[in-house]
Each structure stands twice: as structure tokens, then as C-alpha cells.
Number of protein chains: 2
Amino acid sequence: MNGTARHRILRGCRALALAASMLGAPALACTDAPRGTGDLGLIVERAAGRLQLVETTGLTALGAIDGLGDLSHASLVYSRDARYAFVFGRDGGLTKVDLLCRRIEARVLQAGNSIGGAISQDGRLVAVANYAPGGVKVFSSDTLELLADIPAEYEPGKRAKVVGLEDATDGRFVFSLFEAGEIWVADVREPRAPRITRLRNIGAQPYDALVTPDGRWYIAGLFGEDGLALLDLWEPEKGVRRILDGYGRGQEPLPVYKMPHLEGWAIAGRHAWLPAIGRHEVLVVDADTWQEVARIPVAGQPVFVMARPDGRQVWVNFALPHNDVVQVIDTHTRALVETLHPGKAVLHLEFTPRGEAVWISARDDDKVVVYDTATLAPRATLPADKPSGIFFTSRAGRIGL
Amino acid sequence: MNGTARHRILRGCRALALAASMLGAPALACTDAPRGTGDLGLIVERAAGRLQLVETTGLTALGAIDGLGDLSHASLVYSRDARYAFVFGRDGGLTKVDLLCRRIEARVLQAGNSIGGAISQDGRLVAVANYAPGGVKVFSSDTLELLADIPAEYEPGKRAKVVGLEDATDGRFVFSLFEAGEIWVADVREPRAPRITRLRNIGAQPYDALVTPDGRWYIAGLFGEDGLALLDLWEPEKGVRRILDGYGRGQEPLPVYKMPHLEGWAIAGRHAWLPAIGRHEVLVVDADTWQEVARIPVAGQPVFVMARPDGRQVWVNFALPHNDVVQVIDTHTRALVETLHPGKAVLHLEFTPRGEAVWISARDDDKVVVYDTATLAPRATLPADKPSGIFFTSRAGRIGL
């Protein structure tokens, strides 16, 4: 008996099992063969409300998952077994997607308007940052049962929009309150009874934030001031301090992106590389002293400044009218080494876990282009319907992503 | 029809498919249900030549894989999809293990005596470091077909033992030649025609090496001298320089471990934490200047000094007679915060990807103990037969592991 015949037996069996499952039992058999999940990823097809499932070994698309709602500002995180994605939609939808079975496992419309979320260090909790009503909701990653509701009520009757929600070590979530100018640290080790530490007067209008890859520093951008708020999560009791005062937030209006995403900051070695907002420059900042040490001229107003996982290169995309360009900087020499044209309206970049390749979405060309980071040559092009964010499962094992 | 009945159908089908596979086709159906591979791990049961498959979400054992040969000094790496492990046995055996199907996929006895290996950045190649005959063999990770044989012939007719084989970025493997005092960098982007760069006179008798988590620094320990050899993989043309001269290698003989494993070095923030060989101390070294900045007194002669993934803690185990102790150091205050007694003959420690837990093997108590790294309390104990190394699949996405 050959492999094909054997395959036919198995296929028949699967059909039988599937029929059985339709009679009431939960579906089990949903993959053709076992596969590892370490090399999988999802591409957000924003206009279609759909995710495309890809794998980064053979550089192929494996299928699609539909019905995700409004994905116009979507992001997602992964379960610790790298099987499920938790997708945060702009419409307040939280959707749990099964990558192996390529289907929606659970979905809740948990708020009217939300901006992103995070998964706890132990993987048991998913938290969502909401604009309306302002606050954070915490769900079981297993069932999407609501475990905690944390209204961002900073004064009696006043709720703030929540932004910059990040996971941190020792069972914590950290987030910022736009109208309140506050950072809150939520210890969720008892999920139904989160313990909140409020840090006040951190600066006007925090609009986004990041946690450094080591989980130590929480940095919030300030919409109302020309600087950022820095919190040492190893010593939160010491409070928040101001860094990079006068670094140039918004001196010229940006035509498309109001602000670059702070999560686009690259930490390479002891330096942080970040977009000089409103200028055609990338800033280099010493991550020990948080002082600026250099500015690198680039092709436009940078949006994402992403470090290759080894920190040797940063790759930069830009706001209109330069959003068809990606530039590569050598962090060691600080020289611009290449200007690439991946396609129209480059929205996002994602490196493979060990950095040999980077995937770049070109929304208006309906494609994703994969580059070799050693040769800087394109390796593959995948069709995609208005692609925006690209997320690989290796994020499951990282802090603050 | 209920789930049990359905399960019975599937089981019957699997038996049929298995019978079919015995008639010549490769087995396919080998798991009860789809599962992600992001939270899996393997524990080496050294005496039995067996691997135990575990998962770090529910903290349970899932099964065992037998027939691995001599695992007395075994290590392993993972395929980039986190489905397969490549196990390097002391007997020269290279075994490809399928975690999902819990079986050996392929096995070759590729040398008489080997010491470890690495997987290439792109995941396509597995390289093994051999003592006898001295050299490196490079295999296809898909089929275990031999693609390149690199004899470590440093003078006509003289072959050195190869140690400290590590993967690096831009398609390279790096390794050291014990008798030759050389470091070789092999560019394997054309696997059948590797390009070798030889770095000579690096110091006497390199015995082990590490690559820093960012992939930049290759550091070889020197058995014949009191110092280490440092190579900047970003600028290998600048050659090797000596660091930490007189740091105290082997001033007192060690009763059990000749040398600590260099891969046990912890890089936390801008500091490297390493065992002060032969002394009851852990050294703190500035990873910018490679100068020693502090020494922390500990309970015995340290073997592994491992950093929690966020770098906030280092965990240390010890040589005889203190090998029943593990100590925890706070890297921020540099204070010893806890002394734990996980069991007899602690051989290895492995952190979960985001560091909320650490798994510790206690060989002579036939168990693995899992600790919560926030509370430092034990969370679970798993029986294991003379456990040594513990390896989680998150290594698939890391450089230099």
C-alpha cells in the first residue's frame, strides 16, 4: 500500500469523524497533518476583515480566517502554545482564532471602541484597552470569560481613554490614561481582584506606549508635551520621570499618521532607535541615560523603526508621500546602507524570529514582500488584500509585544 | 453521537492508518488532536537514553521518546517550526525527533565522539561538532543528508577536536579548534561549499564557547590560559582579542565539573554574569568594555549562571559538594535574595520563554522541580529518570542557543 492509498483512508476517516462531530461533539480533526506552530504568522487584511495564515519556512500562504469585523486598526497577540491568536479590532471585538484549525474559536464584542491589548506573562489572561467606555477588560485566554473590568475612572464620573496597554513581568499589565495624564500598573495575579497602582502627573495626554524587550522600561509618548514619560518597572515606587524633553514631537503636522507607533521603537544593544516625529530623521538614544546621541537623516517622516533581532540593522518605513520606501540603517556604522521600494503604502514590517528575513506589507499594491536581510534582495512576494499588520508566532515568547 | 464515540471512530481509523503505514508508507496520523508547539519542551533522561516530552502551560508530562543512544552529555536544538528536535549524543549520534508524533524521525551515527551542535539561522542546516574525527559535519535539517564535511585539519595530517560550535547571523556557524588554538567562521549559505575564515593564535586550548543573545560576540574559554578569547562577529576581520585576563580559571581543581558550561553565561542588561571558576563567586562583567565590575559571594563553585529572560534575576547552581543548592541573585541590587534546595545533583535550569517560571533538574532525586520566579515558591514537581538538560521550544527562535 502506498502513501496515497493510506492518505485516502485517513481522509475518509476524517470525513467520518467530521460527520460525527456535526452530530454534537466538538470538532477535532481539522488539520491535514500535524504541524509545528513555531513558523506561523498572520497578516491582517484590513479592508476584508480577514486574516491570512502564512508560514515563514517555505514562504507560503496556508489559508484564511474570515469574519473578524473592523480590522482597520487591528493588532494581535499569541497564546503561549502559539496555537491561538487574540485579535483586537477597532470595533471593540476580541476574537480568539485557532491557527491550526483556521477558524474562529470564540469572539466577544467587549466595548464600543478599542485600541489594542496584551497577553499576561503566564498566558492565562488577555487584556483589552478601551476608548469607549474607557478602561481595561481582562478575559480568560482559555474561554474569553470576563474576569475583571477596570474602569479608567480618574475622577468621580470621569473615565479616560486607555492607551499603551502592555504586559510586564511578575504578572502585571501597564497602561496609560489619555485625559488623566496617568499610568496605571495592574497586578493581575489574582485576576478577579486586580491590584492597581496609580502614577499621577506623568505629563499631558499620553497617547501610546512601549515596554522595552527586557520588560524593564515603560515609555509613554505625550501628545500634549514635547517629551516622553519613563517608568522603571523594576522600581515603580520611584515614580515617573521625563525624558527627551524637546525631542521634536509634532513640530510639523503629519499628513497621514498623527504619531508613529511607539511599539515601533527599536532597541539595539544599548541604544534605542526612534522616529524623530515630524522630521526626516531617526533618533539614536542611549538607553542607559536616555539622552539623545545622534540623528540619522532619512527619506521621509519615519513611522516604524524596527530592529533586526540581533540589533545590527534597523529598517524604517515612512509617512506619505514617502510611504513606498523602506530604508535600512547599519546600527554599527550608523550609515544608511539601502533604500528599497517594496510597493505602495508600506504599513508594517515583521522580522522572522532569528532575523534572516523581514516581511513587509504594501497595502496599495495588495502584496507582502519578503526580503533577505543579509543580501537585502527580495526572496518572495505573496498576494494579500490590503495588508496591514504582520505578526509571527514567535511573539508568544516575548515580553511587551 | 458524543465525543467519546467520535473519539473511538478516530482511534479505529488511526489503527487502520498505522497498519497501512507498516506496509510501507510513512505514518501520518500520530496525535490525538492538533496542538501548538510553543509551550513544549524536552527533558534529557541521560541514563535511559530517553527524552521526556513536557508542556509548560499545565506543567505536565506528555510522553517519552526512547532509543536516543548515549545521552550522558547531550544537548539539542529545535527546528524553526518548533516541531522537531535535533539531539546531539556523546556517541556521535544525531537524532531528529518529532515532538508531535513522539518518535524518532531519523537518526545517523555521524562520528565516533561528538560534543554538541547548532542549527543555522534559516533553520535549513544542522551542524555537529566532533571530537573524533575532529571536525564539523553539516546536515540537511529536513532529511539529515550530509551536505558538508569540514575536517578541522589545522596542519597537514593534524585534526583538532572541535568545541563551542554556535550559530550566528548572516548564515554562519562559528567554532573553535582545541589543539590548534583557532576559531573558524563558516559561511554556509551555499551548504555544499562552505567558506571558511580561520582566525589563528586566539589562545591555548579553547574548550567551549558562547554567542551572546544578540548574536554579536563569540567568546571562547581557554583551557590553557587564564582568560577568554573574544570575537566581534560584526567585524571578524578585526580579529580576536583577549578579555578578562587573570579572571581565575581553574586556580582550584573542581571535583566534578572540569569547567562550567560557557553557555550558562547570563547577559542581563549591559552586564554579563558568569561563574568565577574555582571560587565561590559570580563575576559581573561590563559587556561594553569586558572589564570586571563586581564579584558576588555564593554558596559554592558555580556551574550555570542563568538569567531570567528579563534579566532581573540570575539563578545559579553549583558543583559538588553544593550541588543540591540553587541561589537567586537580584541583578539590580546585586543582592542574594534566596537559597533554594530543589533536590540532589541539580544539573540544569531552563526558564519559560517569558520567565514566569524556571524548571530545574535534580538528577539524583529523579525529579524536575518548577519554581515561580516572582514568589520563588515551587509550583510543581515532575518525576524524571536521572534528568539532566531541559530544553524548551522557544529556543527555536533565538540566536546562539
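Residues numbered from 1 in each chain as written. Chains lettered and ligands numbered in written order. Predicted model: local features only at pLDDT ≥ 70, side-chain atom pairs only at ≥ 80, totals over all residues. Heavy atoms only, no water.

A. Spatial organisation of the pattern of salt bridges. Here the structure, examined in full by the defined rule, presents 59 salt bridges over all chains. The salt bridge involving A:Glu45 is made with A:Arg50; its shortest N-O contact spans 2.7 Å. Taking the shortest distance from any N to any O, the salt bridge between B:Arg395 and B:Glu350 comes out at 2.8 Å. Placement of B:Arg395 in the segment after strand 34 (387-392) and of B:Glu350 in strand 30 (residues 346-351) is noted, with a sequence separation of 45 residues between them. (Salt bridge = Lys/Arg side-chain N within 4 Å of Asp/Glu carboxyl O. Helix = DSSP H or I, 4+ residues; strand = E, 2+ residues; numbered from the N terminus.)

B. Focus on the nonpolar core. Within the largest apolar cluster, 22 residues are counted, with the highest numbers of intra-cluster contacts made by A:Val136, A:Val138, A:Ile150, A:Leu165, A:Phe173, A:Phe175 and A:Leu177. Setting aside chain neighbours within four positions, we find A:Val138 in contact with A:Leu125, A:Val126, A:Ala127, A:Glu145, A:Leu146, A:Leu147, A:Ala148 and A:Ile150. (Core = buried A, V, L, I, M, F, W, Y, C linked by side-chain atoms within 4.5 Å. Buried < 20%, exposed > 50% of the residue type's maximum accessible area, 1.4 Å probe, protein only. Contact = heavy atoms within 4.5 Å.)

C. Representation of the sheet that holds strand 21 (residues 240-243) of chain A in the model. Residues and elements named next belong to chain A. Read across the open sheet, the four strands follow the order 18-19-20-21; overall the sheet is antiparallel. Two strands close off the open sheet at either side, each with one partner strand: strand 18 (206-211) and strand 21. With direction set aside, neighbouring strand axes in the sheet form an average angle of 25°. Sheet analysis places strand 19 (residues 217-222) next to strand 20 (residues 228-232), joined by five bridges and oriented antiparallel. Within strand 20, the position partnered with Trp217 by the bridge is Asp232. (Pairing = 2+ DSSP bridges. Axes fitted to C-alpha atoms, helices over the stretch in contact; angles between N-to-C directions.)

D. Layout of unusual backbone geometry. Cis peptide bonds are those with omega within 30 degrees of zero, and the linkage from A:Ala132 to A:Pro133 qualifies with -5°. Here A:Pro133 is to be found in the loop between strand 9 (125-132) and strand 10 (135-140). Cis rather than trans, the peptide bond between B:Leu320 and B:Pro321 has omega equal to 0°. With respect to the element layout, B:Pro321 can be found in the loop between strand 27 (313-318) and strand 28 (326-330). Even without a glycine there, the phi angle at A:Ala345 is positive, about 60°. Structurally, the position occupied by A:Ala345 is in the loop between strand 29 (335-340) and strand 30 (346-351). Even without being glycine, A:Leu376 reaches a positive phi, approximately 65°. Note on placement: A:Leu376 falls in the loop between strand 32 (367-372) and strand 33 (378-383).

E. Seen up close, the pairing of strand 14 (residues 162-168) of chain B. All names here are of chain B. Counting buried positions along strand 14 yields seven of seven residues, so the element is predominantly enclosed. Note that strand 14 and strand 15 (residues 172-177) share five bridges and pair antiparallel. Following the sheet pairing, Val162 is matched in strand 15 by Leu177. Counting the residues that bridge the hairpin from strand 14 to strand 15 gives three residues, and of these Asp170 lies at a positive phi of roughly 55°.

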